[in-house]
Structure formats: structure tokens, C-alpha cells
Amino acid sequence: MECRVLSIQSHVVRGYVGNKSASFPLQREGEDDDDDVLKRAGHPSLRAVITETEAPHMFVESYTLVVPIQQVTLQKTRAALSGAYRRPSKVLGFEVDSINSVQFSNHTGYSHWKGQVLTADELHVLYEGIKLNNVHQYDYVLTGYTRDTSFLEMVVDIVQELKRANPNLVYVCDPVLGDHGSMYVPQNLYPVYKNKVVPVADIITPNQFEAELLTGKNITSQKDAVEVMDLLHAMGPDTVVITSSDLPPRLGDRFLVSLGSQRHVRPDGSRTTQRVRIEVPKVDAVFVGTGDLFAAMLLAWTHHHPNDLKTACEKTFSVMHHVIKRTISYAHELAGPGRRPSPPQLELRMVQSKADIEDPAI
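Residues numbered from 1 in each chain as written. Predicted model: local features only at pLDDT ≥ 70, side-chain atom pairs only at ≥ 80, totals over all residues. Heavy atoms only, no water.

The chain has the name Pyridoxal kinase in an unreviewed UniProt entry, where Gambusia affinis is given as its organism. The Sequence similarities (unreviewed entry) field of the UniProt record for the chain holds the comment "Belongs to the pyridoxine kinase family." Quoted verbatim from the Subunit (unreviewed entry) field of the UniProt record, the comment on the chain reads "Homodimer." (UniProt positions renumbered as here; feature names shortened; annotations may be inferred.)

**Student:** Explain the packing of aromatic side chains here, please?
**Tutor:** The relative placement of two aromatic rings is captured by the distance of their centres and the angle of their planes. Across all of its chains, the model carries two aromatic pairs by this definition. On the basis of an interplanar angle of 80 degrees and a centroid distance of 6.2 Å, the ring pair of phenylalanine 94 and tyrosine 140 is categorised as edge-to-face. Residue phenylalanine 94 is found in the loop between strand 3 (71-77) and strand 4 (95-104), and its partner tyrosine 140 is found in strand 6 (residues 140-143); the two are separated by 46 residues along the sequence. For phenylalanine 94, a relative accessible area of 3% translates into the label buried. Arranged with centres 5.1 Å apart and planes meeting at 65 degrees, the rings of phenylalanine 294 and phenylalanine 317 form a pair that is edge-to-face. Here phenylalanine 294, found in helix 9 (residues 290-304), pairs with phenylalanine 317, found in helix 10 (residues 309-335); they are 23 residues apart in sequence, far enough to count as distant. Given the relative accessible area of 5%, phenylalanine 294 is considered buried. For lysine 20, the ring lying beneath its charged end belongs to tyrosine 16, and the centroid distance is 5.4 Å. The ring of tyrosine 330 carries the charged tip of arginine 349 above its face, separated from the ring centre by 3.5 Å. (Phe/Tyr/Trp six-rings, centres within 6.5 Å; stacked < 30°, edge-to-face > 60°. Helix = DSSP H or I, 4+ residues; strand = E, 2+ residues; numbered from the N terminus. Buried < 20%, exposed > 50% of the residue type's maximum accessible area, 1.4 Å probe, protein only. Lys NZ or Arg CZ within 6 Å of the ring centre and 35° of its normal.)

**Student:** Looking at this structure, I do not really get the pattern of salt bridges. What am I missing?
**Tutor:** Where charged atoms of side chains with opposite charge meet at close range, the side chains can pair. Evaluation of the coordinates by the stated rule reveals 16 salt bridges. Of the charged contacts, one joins arginine 4 and glutamate 2 as a salt bridge, the two residues approaching to 3.1 Å between their closest N and O atoms. Through salt bridges with shared partners, a single network forms among Lys217, Lys223, Asp224 and Glu227. (Salt bridge = Lys/Arg side-chain N within 4 Å of Asp/Glu carboxyl O.)

Here is the structure:
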């Protein structure tokens, strides 16, 4: 069945940010070959093989909390992202309708950029055109960076209207506010995100600073992070992934800790909450567009694994790892020995990572 996404994000002529980072990966389509391939490959119990393999670059820990039973089970897995065998998987090609919140020559990390910014009124005009043709039926809405409160409020109005038409619509929001203790959007966007955007979102992907800002609680331990994610759940979203944090990694200083939480309501009315902790390697470079790619991939993999945040996160982080690894290798090759890569050289190697996007190894 066709699955359609409305993506309201930035656009660049050169490079990959916003809609350029999201549309191509979401539109990729793989093949559905599962058990037959495993049998032909002689791996009757591939999941066990993968689970027992030591991963060179990612550690995943998950547990599920069942409420009100209060039963806690802990499952630890080392995900072999670069194992010798990759299991072919089924990937749905999403139909993506893009509205470009800005159209720039390139991202603003370059020395120069030119372009136009879409206003709230212009966004409304574009949406009205879609409505007049009765082609505004969507399964997902995906949004990222914006700097204008009226534009953001218009996005909320559109999401609410689309949800009235389709109560099952899922809104995936990257609440871009800032990082490392400071905001890089106007201060007046904060109350709009907190009071209007987050309450209508179903999946959000803040970093630690954004999660702290939205909840008013600092994160200094994993317990704090769990409490912050619960506060975000209480505001609306059922799935929260804190994409990066300052928590100490168990694998050493060269790794970064991410955390996730997903809540479900069972048919009997009881609630379950799955928690995930993931450690991924740091890369000493500034990439642009990775947050947009992350949100798009989380959308895709939670669609395929709606009740399994651990698997969805493993596949999402696998894509991120391989895209970044390929990008930094190519950038260093272009820059030459001993030279730091420039922003043009650090543009994400998206097309070259097609196979990893379609079939992320876990």
C-alpha cells in the first residue's frame, strides 16, 4: 500500500540538507527477500548469530517497562553493524511531497549563500493548492529547521487539519532549537515548540539541550534522561529519541550516547514503555544535514517496526554510521593529508550510500 509523506523543510541547490537529506532516502526501495535468502545462505538462525557477534562500533541496550504490572526485563545486545553477513530486508519506497521552507544555493556553513525564504502566507497558498485538488491525504508529516514563528504556527495548523482527516497520521518533528547550551534560532520559537508543536507531534528527535529546554529539567545521568523522556511523553509524543547527549559512554570517550523511549497502549489498556540506549562513534568533523537524515530514517524504520524501537534505532543509526563514515573518508581524500576538510568536501555522500540506506546492517 502506498505511503505518502509531506515533508516541510529547507532545500539547497547543492548538497544535502532538509528535504534533500530526507526525500532521497525515503524514496529508496529495496527488495523483499527474507527466509528464502537465509535458507539459501545456510543461516537458519541468523539473528542469534548477529546477537552474539561483538560490534566494533555500536552498543545497544534496551529494556521494556510494563505498566501497571511493573515487570522489568532487560535485554542487552551488541549489534554487528559491520558483520560478515547482511540480511536483505524489505524497504518501502515512500512517496514524498516536499514543501521547501527555504531555497538556498547551499547550506549556510559555506562562506556564501543566496536564496529565498518561504513565508507563512506562501506556505498556506501551497497547501491550499494541494487541498483544492483533493490530494492532501498523508500518512506522515516530517518537519525540521525553521526560524519564523508564524511559519511554525502554520505548520501546526496544517498538521492538525491533516490529523482530523486521518487520525492515524504520524507527525515526525525534529525540534531544532540549539545545541551545546545555546540557541541558534530566535528565542520566540521556544514557546511555540513547547506549547504547540510538541503536543501534536508523535515522534520527536531532540538533542540533549533541546530536550532539557523543552522540559525544564537538566540531564546529568541516565535516570535524568529517562525522566526527561517521560516528561516529553506527557507533553504528547509517544516516541522520543534524544539523538546526542553528554552522558559518559561505556565504550570510551570516542563514543556518543543516544537514548530513546517509546510508549504503547495494549488492547487490555495497560501501557508499555521501551527504553533504548545506543552508543555510536564520534567523528571529528562538522556535518550538515545529518539531523534531517536521522529524522527521515527514524520515520522509515518506525514505520516498518512500529512496536520495536530498538530495531528501528539500530537501523537508523546504522544508516547514519555508514553515510558519515563514507563522507569523512571521501572528504579526507579530497582535502589531502594533514588538511581539514571544507564544507563542500563534507557534503553527505548520499547517493553513494544507497545500498546502506536500503538495507542497513544490524
